[in-house]
Amino acid sequence: MAFGRRLGVDYGQARVGIAICDVDGLVATPLITLKNDKTLLSQLASIIEEHQIVGIYLGKPKHLSGVEGATAELVTLFAQRFAESFEIPITYVDERLTSGAAEKLLKAAGKNSKESKGLIDQLAAVAILELGIQIEKRK
């Protein structure tokens, strides 16, 4: 695995959860939830520059059957726009159950999921990042 920080991205139509890891890829932490609006790519550019990001793990939603969901097309379009703006490799990660697991974690901590939507997106991004790092380490 190459040295450097990576981002986990939980892309959604309204919000985009972002998580980051340390340069060794050992610890993934929630970073921020961004609004999915016309400023998204410029905000990502700032994060990428500030943290010297070397790779992106982007969650791609699939149904439990393994078939890509309708949102997968939106994720692919986002990845294409991202690739036009940045020269950073994107790796798709199967994000099945990541948001549900994040909601359960918050509920166990006594948090209301409705009040914690942004945090759910960040925790889902952490799960995506952790999965991506595990896959990369196996290569």
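Before reading further, recall that the structure is shown in the block above.
Everything numeric here is computed off the predicted structure, so don't read it as measured data. (Residues numbered from 1 in each chain as written. Predicted model: local features only at pLDDT ≥ 70, side-chain atom pairs only at ≥ 80, totals over all residues. Heavy atoms only, no water.)

**A look at empty space enclosed by the protein**
- Under the defined criterion, the tally for this structure stands at one cavity of 30 Å³ or more.
- Approximately 40 Å³ is the volume found for the largest cavity.
- Every residue lining the largest cavity is listed: L7, V9, L44, I56, L58, F78, F82 and I90.
- Secondary-structure elements contributing two or more residues to the lining of the largest cavity are β1 (5–11), β4 (53–60) and α2 (71–85).
- Here the lining of the largest cavity is composed, by residue class, of eight nonpolar, no polar and no charged. (1 Å grid on protein atoms, 1.4 Å probe; cavity = no way out; pocket = protein on both sides within 12 Å on 5 of 7 lines; lining within 4 Å. Points joined across faces, edges and corners; volume = space filled by probe spheres on them. Helix = DSSP H or I, 4+ residues; strand = E, 2+ residues; numbered from the N terminus. Nonpolar A, V, L, I, M, F, W, Y, C, P; charged D, E, K, R; others polar.)

**Describing the pattern of salt bridges**
- Under the counting rule described, the total for this entry stands at two salt bridges.
- Here E136 and R6 are joined by a salt bridge, their closest N and O atoms 3.4 Å apart. Here E136 is found in helix α4 (residues 117–138), whereas its partner R6 is found in strand β1, with 130 residues between them in sequence.
- Residue classification places R6 among the buried positions, given a relative accessible area of 3%.
- Among the salt bridges present, the one from R15 reaches D121, with a minimum N-O distance of 2.5 Å. Remark: D121 occurs in helix α4 and R15 occurs in strand β2 (residues 15–21); sequence separation between them is 106 residues.
- What makes R15 partly exposed here is its relative accessible area of 30%. (Salt bridge = Lys/Arg side-chain N within 4 Å of Asp/Glu carboxyl O. Buried < 20%, exposed > 50% of the residue type's maximum accessible area, 1.4 Å probe, protein only.)

**A short note on the sheet that holds strand β3 (residues 28–35)**
- Pairing within the open sheet is mixed, and its five strands lie in the order β3-β2-β1-β4-β5. Sheet topology places β3 and β5 (90–94) at the edges, where each strand pairs with a single neighbour. Put simply, the sheet's adjacent strands are angled 25 degrees from each other on average, direction ignored.
- Direction of pairing for β1 relative to β2: antiparallel, over a ladder of five bridges. If you follow Y11 over to β2, its bridge partner there is V16.
- Helix α1 (residues 40–51) rests against β1, β2, β3 and β4 of the sheet, and its axis sits at about 150 degrees to β3.
- Lying over the sheet, α2 contacts β1, β4 and β5, oriented at roughly 160 degrees with respect to β4. (Pairing = 2+ DSSP bridges. Axes fitted to C-alpha atoms, helices over the stretch in contact; angles between N-to-C directions. Contact = heavy atoms within 4.5 Å.)

**Remarks on the environment of E68**
- As for its position among the elements, E68 is in the loop between β4 and α2.
- Here E68 falls in the partly exposed class, since its relative accessible area comes to 41%.
- Taking the C-alpha atoms as reference, E68 lies 9.3 Å from D94; in sequence the two are 26 residues apart.

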